[in-house]
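# Examination of the molecular architecture
If you want the building blocks of each chain, they are given just below.
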Amino acid sequence: MGSESPDFGPIFYLSNDMHALEIVSLSKAYLSGFLKKVQALQEISLTIEEDEIFGFLGPNGAGKTTTLKIVTGLLKPTYGDVKILGAPLSQVNIRKQIGFLPEHPSYYNHLTGFEILDFAGGLCCIPGFERKKRIERLFDRVRLKEVRNVRVSEYSKGMIQRLGIAQALINNPELVILDEPLSGLDPIGRKELKDIIISLKDEGKTVFFSTHILADVEMICNRVGILHKGRLLKVGKLNDFLSDTKRNVIITFEFTGRVKPTLIQNVNPTAEGYLNVTIEKEKQNTIVKSLQNEGASIISIVPETITLEDFFVAEIKKDEN
């Protein structure tokens, strides 16, 4: 749990064995043009444990933002339930344990960064003296101290995102929800925000964030969920996904003779002047023996690396077929 005590009075939990976030059969339908029904979410069920970083993945239009808006109480579902720390979302007091960064944070341009956080802290009923201390600590944390008195109209995209992180943390929430926090940032900005997300977990907070930047997810997430066309395709530990995926092996060899016709289409030259072939692991012994019979010298046999991007694309394509 966080190092500071809550500011909003008692929170009444429903269970001692609670989850940070529980989503049950969540669905959302819209009416769009000529009363056409659009199903944005279809029976999503998801449980997020305390003290974990959960990556909510999906292409644009998959329903990620819709889900986050429902979880934060900004949008009502067609049906389904949401619980925060064991309490129903309808219990208004529990929402004070949520910190939220929207996909496109927008602030009053005539206000300074300090004034934005002071305003947010006031909405959270944080007393003035305590609010000022928190704001100064947050500016240090998100590296905006030098521009805290500069109007946000002069902030860069990365600075706006970091200010948004600070705003999401002003109430010292237990559950931090971030909608595409890494989008549009340069490599340095992404590194800084990833470090902040990891530090939140170290403090005992739960982070639930959506993204389509998959390379960053592999570095910081405990578990991930893949959403496509409003349906949850996969949920689980990232390592389990990648280790369970059928892998190929890459055989690198040196060969001066004639390559068998069955291998020609798979053989590629390497930068070192060798050749390699990518094959299913089950065929490894057969191919190695065949190459050796033809006079090849085996240089290496290396398992093909499966990335989250590979797995993600495969799951999306599988769902579309």
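We now turn to the structure provided with this report. Keep in mind that this is a model prediction, so the values were computed, not measured. (Residues numbered from 1 in each chain as written. Predicted model: local features only at pLDDT ≥ 70, side-chain atom pairs only at ≥ 80, totals over all residues. Heavy atoms only, no water.)

What follows deals with the overall build of the protein. Broken down by element type, the protein carries ten helices and 14 strands. Expected size for 321 residues packed as a compact globule is a radius of gyration near 20 Å; at 25 Å, the protein overshoots this value by more than 25%. Dimensions of the protein along its principal axes, counting C-alpha atoms only, are 80 × 50 × 45 Å. The proportion of buried residues among the 321 residues of the protein is 45%. Contacts spanning at least 24 positions in sequence make up 72% of the contacts within the protein whose residues lie at least 6 apart. A total of about 16,800 Å² of accessible surface is found on the protein, and carbon and sulfur atoms cover 50% of it. Here the protein contributes 40 positively and 41 negatively charged side chains, and the mean placements of these two sets differ by 3 Å. (Helix = DSSP H or I, 4+ residues; strand = E, 2+ residues; numbered from the N terminus. Rg over C-alpha atoms; globule rule 2.2 N^0.38 Å. Buried < 20%, exposed > 50% of the residue type's maximum accessible area, 1.4 Å probe, protein only. Contact = heavy atoms within 4.5 Å. Areas by Shrake-Rupley, 256 points an atom, 1.4 Å probe, with all protein chains shown as cover. Lys, Arg positive; Asp, Glu negative; His and termini not counted. Charge placed at Lys NZ, Arg CZ, Asp CG, Glu CD.)

To continue, consider the sheet that holds strand β13 (residues 275–280). In space, the four strands of this open sheet follow the order β12-β13-β11-β14, with antiparallel pairing throughout. Strand pairing shows two members of the sheet lacking a second neighbour, β12 (267–269) and β14 (297–303), which therefore form its edges. Across this sheet, the average inter-strand angle for adjacent strands is 25 degrees, counted without regard to direction. As judged from the six bridges shared by strand β11 (residues 248–254) and β14, these two strands associate in the antiparallel manner. Among the inter-strand pairings, T252 is bridged to a residue of β14, identified as S300. Along the sheet, helix α9 (residues 284–293) contacts β11, β13 and β14; its crossing angle with β11, the most-contacted strand, is approximately 10 degrees. (Pairing = 2+ DSSP bridges. Axes fitted to C-alpha atoms, helices over the stretch in contact; angles between N-to-C directions.)

What follows is about the packing of helix α2 (residues 113–123) against helix α3 (residues 128–141). Following both chains from N to C, one finds α2 and α3 inclined at 130 degrees, their axes separated by 10 Å at the closest point. When the axis of α2 is compared with that of α3, the two are oblique. Our pair here, α2 against α3, has a crossing hand that is right-handed. Contact residues: G113, F114, L117, D118, G121 and G122 in α2; R131, K132, I135, E136 and F139 in α3. Here the contact of α2 with α3 is built from residues that sort into four nonpolar, three polar and four charged. (Parallel < 35°, antiparallel > 145°, perpendicular 65-115°, else oblique. Left-handed = near helix turned anticlockwise from the far one by under 90°. Nonpolar A, V, L, I, M, F, W, Y, C, P; charged D, E, K, R; others polar.)

Our focus in this paragraph is the environment of L74. Looking at the element boundaries, L74 is found in the loop between α1 (64–71) and β4 (79–84). Given a relative accessible area of 57%, L74 falls into the exposed group. Every residue in contact with L74, bar those within four places of it in the chain, is listed here: K69 and F100.

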